[in-house]
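Structure at a glance
One letter stands for each residue in the lines below.
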Amino acid sequence: MVALMALAGLICGRYTRALADSYDEGPARLPGGFPAVELVTAAVAALVAWRLGLPYVPFALIGTALAVVDWRTSLLPDAITLPAYPIMALALAPTGELPRALAGGAALTAVYAVLWFVRPEAMGLGDVKLAGLIGMAAGALGWQAWVVAAFCGQLLGALYGVAILVTRRGNRHTQFPFGPFMLLGAFTTLCLGW
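The paragraphs below set out a description of the structure included in this document.

Calculation criteria
Residues numbered from 1 in each chain as written. Predicted model: local features only at pLDDT ≥ 70, side-chain atom pairs only at ≥ 80, totals over all residues. Heavy atoms only, no water. Salt bridge = Lys/Arg side-chain N within 4 Å of Asp/Glu carboxyl O. Buried < 20%, exposed > 50% of the residue type's maximum accessible area, 1.4 Å probe, protein only. Disulfide = S-S within 2.5 Å.

Moving on to the pattern of salt bridges. Within this structure, the stated rule accounts for 3 salt bridges. The shortest N-O distance in the salt bridge between Glu 97 and Arg 100 comes to 2.9 Å. Look at Glu 97 and you get partly exposed, because its relative accessible area is 26%. Glu 121 serves as the salt-bridge partner of Arg 119, at 3.1 Å between the closest nitrogen and oxygen. The class of Arg 119 is partly exposed, set by a relative accessible area of 46%.

Let us now look at the state of the cysteines. Considering all chains together, one arrives at 0 disulfides under this definition. Free of any disulfide, Cys 152 has its nearest neighbouring cysteine sulfur in Cys 191, separated by 12 Å. By relative accessible area, Cys 152 is classed as buried at 15%.

Given below as structure tokens:
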């Protein structure tokens, strides 16, 4: 099953690259010859399938696509994020944890909505919508996983911000896409089994 999910990730990674290219109006930041996106998508899909099972693979594939698009374009498109909600709900329904997943999604969306309302210049509305997907995936595993996933994304984003300051590649007003850090925190949490 893991090998099959890795193959699916490899195929989806090809579409992820094309999807990111369609949103990126500038020069491509990822070289066309090296299959980095494909390999990362395959690795994430295989790891999530191995650690959590098939119901979480859609989150892995959608999350990887959103991370790549956001990193390249600073955009989390509604065309990907919004259809992901029913896909996630259908995938998680057989686990019996759908009510907890929906509660987790609503709760993390509310937390990020407050953060966005307080400082809209520091976070995009796309991050708020993404938070709901992360909350669903983590909430299905339990509230401890939910708390750790929410915290890890914030921590990784803050560490990247500090690295920008320390290396003098920007200042405290420098903006960067936050979605990849939210997703990396979520994937780390889910795969480590919190």
